[in-house]
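Observations on the model geometry
So you can see what is in the structure, the chains are spelled out below.
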Amino acid sequence: MVVTIAVVVVEVVALSALAQTVTGFGFSLLAVPPLSLVLEPEDAVAVGLVLLVLANVLLVAAERLEVDRVAAGWLLAGSVIGLPIGLVALRAASADGLR
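Residues numbered from 1 in each chain as written. Predicted model: local features only at pLDDT ≥ 70, side-chain atom pairs only at ≥ 80, totals over all residues. Heavy atoms only, no water.

**A word on the packing of helix α1 (residues 2–23) against helix α2 (residues 27–38)**
As a packed pair, α1 and α2 sit with axes 8 Å apart at the nearest point and diverge in direction by 165°. The angle between α1 and α2 falls in the class roughly antiparallel. For the pair α1 and α2, the crossing hand works out as right-handed. Counted together, I5, V8, V9, V12, V13, S16, A17, A19 and Q20 of α1 and F27, L30, A31, P34, L35 and V38 of α2 form the full contact between these two elements. Here the contact of α1 with α2 is built from residues that sort into 13 nonpolar, two polar and no charged. (Axes fitted to C-alpha atoms, helices over the stretch in contact; angles between N-to-C directions. Helix = DSSP H or I, 4+ residues; strand = E, 2+ residues; numbered from the N terminus. Parallel < 35°, antiparallel > 145°, perpendicular 65-115°, else oblique. Left-handed = near helix turned anticlockwise from the far one by under 90°. Contact = heavy atoms within 4.5 Å. Nonpolar A, V, L, I, M, F, W, Y, C, P; charged D, E, K, R; others polar.)

Shown next as C-alpha cells:
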C-alpha cells in the first residue's frame, strides 16, 4: 500500500511539474487535489507547498539575472499576507469538505 501511494505521489508530482514547465503556473492546482485522495488534505497541501517552493527556488537561482525584483517583491508580499489566511482556512475546513 505504501509503495502504491508513493507511485501515485511521484506520478502526480511529475505531471504537475510538467504542466508548470509548459504553462508557467498550475503545479499546486493540479497536484493537491489528486494528492488529497491518497494523503490527508493537510499533508497534500504541505507536500504541494514544499515542492512548489523548492521548484521555484531552483528556478529563481537559475534565472536570477532575469528576475524582475519589483514584481517579485509584490508577489512575495501577497504571499506573506495570503499564506496565514490559507492556513486558517485549511485548519477550519473538514477533511471530507476539502476532498
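**Focus on the environment of L35**
Mapping L35 onto the fold places it in helix α2. Counting along the chain gives 35 residues from L35 to V70, while the straight-line C-alpha distance between them is 34 Å. When sequence neighbours within four positions are dropped, the list of residues in contact with L35 reads V9, V12, A44 and V47.

**Here's the deal with α1**
If you check α1, its first and last C-alpha atoms are 31 Å apart, about what 22 residues at 1.5 Å a residue would give, namely 32 Å. Where α1 is buried, its residues touch α2 and α3 (41–62). Trailing α1 by a residue or two, G24 shows a phi angle of about 95°, which is positive. (Expected span 1.5 Å × (residues − 1).)

**Thoughts on the environment of R64**
In this fold, R64 is placed in the loop between α3 and α4 (69–92). Under the relative-accessibility criterion, R64 is labelled exposed at 53%. Within the structure, the side chain of R64 is placed 2.6 Å from the backbone oxygen of A61, a separation counted as a polar contact. (Buried < 20%, exposed > 50% of the residue type's maximum accessible area, 1.4 Å probe, protein only. Polar contact = N/O pair within 3.5 Å; in protein donor to acceptor, adjacent residues only side chain to side chain.)

**Examining the packing of α2 against α3**
It is at 8 Å that the axes of α2 and α3 come closest, and there the two elements cross at 150°. Between α2 and α3, the angle is such that the two are roughly antiparallel. The hand of the α2/α3 crossing is right-handed. Between α2, through F27, S28, V32, L35 and S36, and α3, the contact on the second element is made entirely by P41, A44, V45, V47, G48, L51 and L52.

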